[in-house]
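Coordinate analysis (summary)
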Amino acid sequence: MNFSVKQAWTTLTGALVVLGAFVCASCMVGPDYEQPTPIPVEPFRPVEGAEANAKAAELEGWWKNYNDPMLTSLIERAEKNNLTLQQAVMNIASFRSGFGISLSQLFPSVDLAGGYRRVLSNQVTNQGSTTQATPFNYWQYGASVPSWEIDLFGRIRRGMEASKARLEGSVQAWRLSLVTVRADVANAYLAVRTFQAQLAIVQINVDVLEQIYKVNKSKFKAQTISQIELSTTAAQLATARAMIPKLQASIQQQCNGLSVLVGDGPGPMQDELRNPTAIPLPAKFVDVGIPADLMRRRADVLSAEMDLQAATAEIGVAKAGYFPELSLMGNFSFAASDFSGLGNWSNKVYSFGPTISWNVFNAGLVTSQVQQKQAIAFRLAIRWKETVLKAASEVQTSIGNYAGAMGQMQAYQTGLDEIGAGFELMTARYKAGTIQLNDVLDFQQEVLRVQVGFVQSRGLAAQNMVELYRTLGGGWETAEVPDAGRDAFEKNGPDMLKSMPSLEQQAQATPAT
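These notes cover the structure that comes with them. Since we're looking at a predicted model, the values are computed, not measured.

Reading the values: the criteria
Residues numbered from 1 in each chain as written. Predicted model: local features only at pLDDT ≥ 70, side-chain atom pairs only at ≥ 80, totals over all residues. Heavy atoms only, no water. Helix = DSSP H or I, 4+ residues; strand = E, 2+ residues; numbered from the N terminus. Expected span 1.5 Å × (residues − 1). Salt bridge = Lys/Arg side-chain N within 4 Å of Asp/Glu carboxyl O. Buried < 20%, exposed > 50% of the residue type's maximum accessible area, 1.4 Å probe, protein only. 1 Å grid on protein atoms, 1.4 Å probe; cavity = no way out; pocket = protein on both sides within 12 Å on 5 of 7 lines; lining within 4 Å. Points joined across faces, edges and corners; volume = space filled by probe spheres on them. Nonpolar A, V, L, I, M, F, W, Y, C, P; charged D, E, K, R; others polar.

Counted at 1.5 Å a residue, the expected span for helix α5 (residues 227-261) with its 35 residues is 51 Å, and the 52 Å between its end C-alpha atoms agrees. Just downstream of α5, Gly263 is the residue with a positive phi angle, here 80°.

Attention now moves to the pattern of salt bridges. Summed over the entire model, instances satisfying the criterion amount to 22 salt bridges. A salt bridge links Lys390 to Glu386; its shortest N-O distance comes to 3.8 Å. Of the two residues, Lys390 and Glu386 both sit in helix α9 (residues 365-431), 4 residues apart, roughly one turn of that helix. Arg470 is paired through a salt bridge with Glu394; the nearest N and O atoms lie 3.8 Å apart. Taken as a pair, Arg470 in helix α10 (residues 437-472) and Glu394 in helix α9 lie far apart in primary sequence, 76 residues in all. With a relative accessible area of 22%, Arg470 lands in the partly exposed category. Given the relative accessible area of 27%, Glu394 is considered partly exposed. Within the structure, one salt-bridge network assembled from shared partners comprises Arg298, Asp300, Glu394, Glu467 and Arg470.

This part is about empty space enclosed by the protein. This model, assessed by the stated rule, comprises 2 cavities of 30 Å³ or more. Lining the largest cavity, in full, are Glu149, Ile150, Asp151, Leu152, Phe153, Arg155, Ala320, Pro324, Glu325 and Leu326. Counting residues per element, the ones that place at least two in the lining of the largest cavity are β4 (136-150) and β5 (325-336). For the lining of the largest cavity, the per-class residue count stands at 6 nonpolar, no polar and 4 charged. What the second largest cavity holds in volume is close to 50 Å³. If you go around the second largest cavity, the residues you meet are Val208, Gln211, Ile212, Val215, Thr427, Tyr430 and Lys431. For the lining of the second largest cavity, the elements supplying multiple residues, two or more each, are α4 (155-221) and α9.

Quick look at the structure:
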């Protein structure tokens, strides 16, 4: 009885349908992922000067609370041009491709091939002599499936789980980068404004000391003061002048860092921020919510959880090594001694069938691989807990730091209100000769310390509020995820058939809100 190709194909198709149904119903070895148990953390404690309101934090566009158009502009430019963000976008694209690689293993790989050979073969007779046959042409083309693994025990599907979790983790890493870049831009900008305010105070102090030095020079010529008193004034003036280049260098340093954050080279940012403005402060203190909110909002916590999920799936990949692997192989082609014969159905050649392989002895290799993956997952579970606790700690610390800076600023403000009138009176009395030079210089140094202290504490309060916004982890909720990660959280993973923009377009896309 002749076994036709049609019969073979029907048999193979039926076998694949039955096998596919079996695979779909088959188990996946290894543990299924379960979300970590929430860590009990007590509510944030209020600090004198700063409440810890349990109301949900409103973090969207937090930088706009500073009412500073320049700050808003810089953050928008960073969102568009920051190179760290662009790297994070490419990381998402890379992990999306990684998921596609894992997904492809579920399907057969089909190779098409064709070729021509001129063949001459020798024939050996029963008596052992060799006779030479006539050379002939050999034409061949067709398709083959080298080896198609049937995922009986979930090795491939667990690998897909791990790839999907890593893709989701890369989206969370991008969100973390977005939150961090915004905060870094705000901190650098506030540092520039703080140094500029300090510089203005020091320059005023230098002007005052120069006036005192001129008066003392005249008094020294008139022999009404000693050389020691004149030298003391000169030393105070030199010390004040020395602070100016140091502050100018600090301004330049912060501007250069800010330039990198917005994707520019050094230089133009100094011109852009040349004119000083007041150090902006947010209009109100932000609600901080409860620690449990951080586990749903902090991108680093979410990313740590995705790492744990991927590691859990990897345990299943390793455990699949305990079980046999079933593969299908086959090919179908036409072969003929003449090119025109390639279209002749009678010149068909085919073979197909399953292969079962089972690594029954490997000297404990699979067991060691499973134990390694289990240890990695256990470590990542511990790291997730640590990340949650650090997140809560950072928020509590930021609340305290903001309150401390605001308390300092208020104390310095009170001192400034009392010192202002006294300094003018002190200067007038010295010019009139009713008080000593040392009294004026000592008082001048106290005024300088209070003025600089006020500016520093105001800048610190503004930066500590930025840090609080950062530690609360928000502001990304309405930011549009890059194209490569937009469907990362779908149940079955991203649609790998969907057309994607070029990598360059993806990198330069702004996270619209």
